[in-house]
Amino acid sequence: MTNRRDGSACDSERTEYYRHSREEIRSLLPDGASRILEVGPGGGYTLRWLRSIYPNVTTVGVEVNRELKEELEENADIAVIGNIDDCSSDLGQFDLVLLLDVLEHLPDPGRTLRSISGLLTEGGRIIVSVPNVAHLSVALPLLFRRKFTYRNSGILDRTHLRFFVEGTAVELLNDADLIVTDGLVAGIEGPKSKLIDCLSLGVLRHHLVKQYIMAGQRRGDTSAQPKIGWRMADSVCATEGCR
């Protein structure tokens, strides 16, 4: 039997997730944007924040959760309730597309990303975030106890269908004919994580990262993926980013 108190706490935590703004992506944003698409925007609070950066922008949110329809309509210019795979061809073109903690929930994220990349205008940018399954909270129990446990949120969220490390995260974009131009690592914020990162001289950094946040653009004439100089994400909401 499910504990009602635990269930209520879980519902409250998920509700708050749908209402936070992903402001840690600030350094990855383009200088200008006239049309922005967010896939899986929750209640649309990131889109509302982006309006303050791009005053004349038109924002579009595509969300599968019908319970968020009214909230999304308040925060986005256009709210579409449905599956992105079913409606992407009707959305038009965008200067900026956001998929923040979305692709790991999809049965074929590569196919979805390839379809969405076709919505980018010339020079348009896409920002994707995915959880890092190589994080110590997952790797150590596997190594020493041969065990991993699904949870209601985080890296091992029960609804995650795909898992990523640095290489496969970058490959996901490359396979969609996109080049990763910039990247942030999120989640190295607590005193223990910072101490380990410092003492290991950064060698263990990719085991301390909870999320990879990548900015990409169409490959164009670029034949090879350039080396990514991963930077630390701002702390705002970064550790709570994994659904």
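Residues numbered from 1 in each chain as written. Predicted model: local features only at pLDDT ≥ 70, side-chain atom pairs only at ≥ 80, totals over all residues. Heavy atoms only, no water.

1. Here we look at the overall build of the chain
What counts, and what does not: Secondary structure counts use DSSP, requiring at least four H or I residues in a row for a helix and at least two E residues in a row for a strand, with both numbered from the N terminus. Categorising residues by exposure relies on relative accessible area from a 1.4 Å probe, with only protein chains included: less than 20% of the type maximum marks a residue as buried, more than 50% marks it as exposed, and the intermediate range marks it as partly exposed. Here a residue-residue contact requires only that any non-hydrogen atoms of the pair lie within 4.5 Å. In this description, accessible areas are obtained by the Shrake-Rupley approach with a 1.4 Å probe, and a residue is regarded as covered only by the protein chains that are shown.
Tallying secondary structure elements over the chain gives 9 helices and 8 strands in all. Counting all 243 residues of the chain, 47% fall into the buried class. Looking at the chain alone, contacts between residues at least 24 apart form 73% of all its contacts between residues at least 6 apart. Counting every atom, the chain has about 12,600 Å² of accessible surface; 49% of that belongs to carbon and sulfur.

2. A few points about the pairing of strand S7 (residues 211-218)
Put simply, the rule reads: When DSSP finds at least two bridges between two strands, those strands are taken to pair.
For S7, a buried count of 6 out of 8 residues is recorded, marking the element as mostly surrounded by other parts of the structure. Here strand S5 (residues 120-131) pairs with S7 via 6 bridges, running antiparallel. Directly across from Ser129, in S7, lies its bridge partner Ile213. Of the pairings in the sheet, the one linking strand S6 (residues 178-186) to S7 comprises 8 bridges and is antiparallel in character. Following the sheet pairing, Ala186 is matched in S7 by Gln211.

3. What to know about the nonpolar core
Note the cut-off: Buried Ala, Val, Leu, Ile, Met, Phe, Trp, Tyr and Cys residues form a nonpolar core when they are joined through side-chain atoms within 4.5 Å.
Core analysis: the biggest nonpolar cluster contains 36 residues, and Leu37, Leu99, Leu113, Ile126, Val128 and Met214 have the highest contact counts within it. Beyond its immediate stretch of four places on either side in the chain, Val128 contacts Leu99, Leu103, Leu113, Leu173, Tyr212, Ile213 and Met214. Counting residues in each nonpolar core, the second largest holds 22 residues, with Ile25, Trp49, Val57 and Ile81 among its members.

4. Comments concerning the packing of aromatic side chains
Aromatic ring pairs are described here by two measures, namely the spacing of the ring centres and the angle between the planes. Our working definition: Side-chain rings of Phe, Tyr and Trp (the six-membered ring for Trp) are treated as a pair once their centres are within 6.5 Å; stacked means planes under 30 degrees apart, edge-to-face means over 60, and tilted covers the remaining angles.
In the structure shown here, the tally under the stated rule is 2 aromatic pairs. Between the aromatic rings of Phe148 and Tyr150, the centroid separation amounts to 5.5 Å while the plane-to-plane angle is 80 degrees, which identifies the pairing as edge-to-face.

5. Let's talk about the pattern of salt bridges
In plain terms, the rule: Salt bridge, as used here, is a side-chain nitrogen of Lys or Arg placed within 4 Å of a carboxyl oxygen of Asp or Glu.
Within this structure, the stated rule accounts for 7 salt bridges. With a closest N to O distance of 2.9 Å, Arg51 and Asp77 form a salt bridge. Of the two residues, Arg51 sits in helix H2 (residues 45-53) while Asp77 sits in the loop between helix H3 (69-75) and strand S3 (78-81), which places them 26 residues apart along the sequence. For Asp77, a relative accessible area of 42% translates into the label partly exposed. The residue Asp182 makes a salt bridge to Arg231 at a minimum N-O spacing of 2.6 Å. One end of the pair, Asp182, is in strand S6; the other, Arg231, is in strand S8 (residues 231-232), and 49 residues separate them in sequence.

6. Describing the confidence of the model for the chain
Using the following cut-off: Per residue, pLDDT measures the predictor's confidence, with a range of 0 to 100.
Per-residue confidence for the chain averages 87 on the pLDDT scale, and 89% of its residues sit at or above 70. Every residue in residues 1-10 is under pLDDT 50, and counting partners more than four places away or in other chains gives 1 contact.

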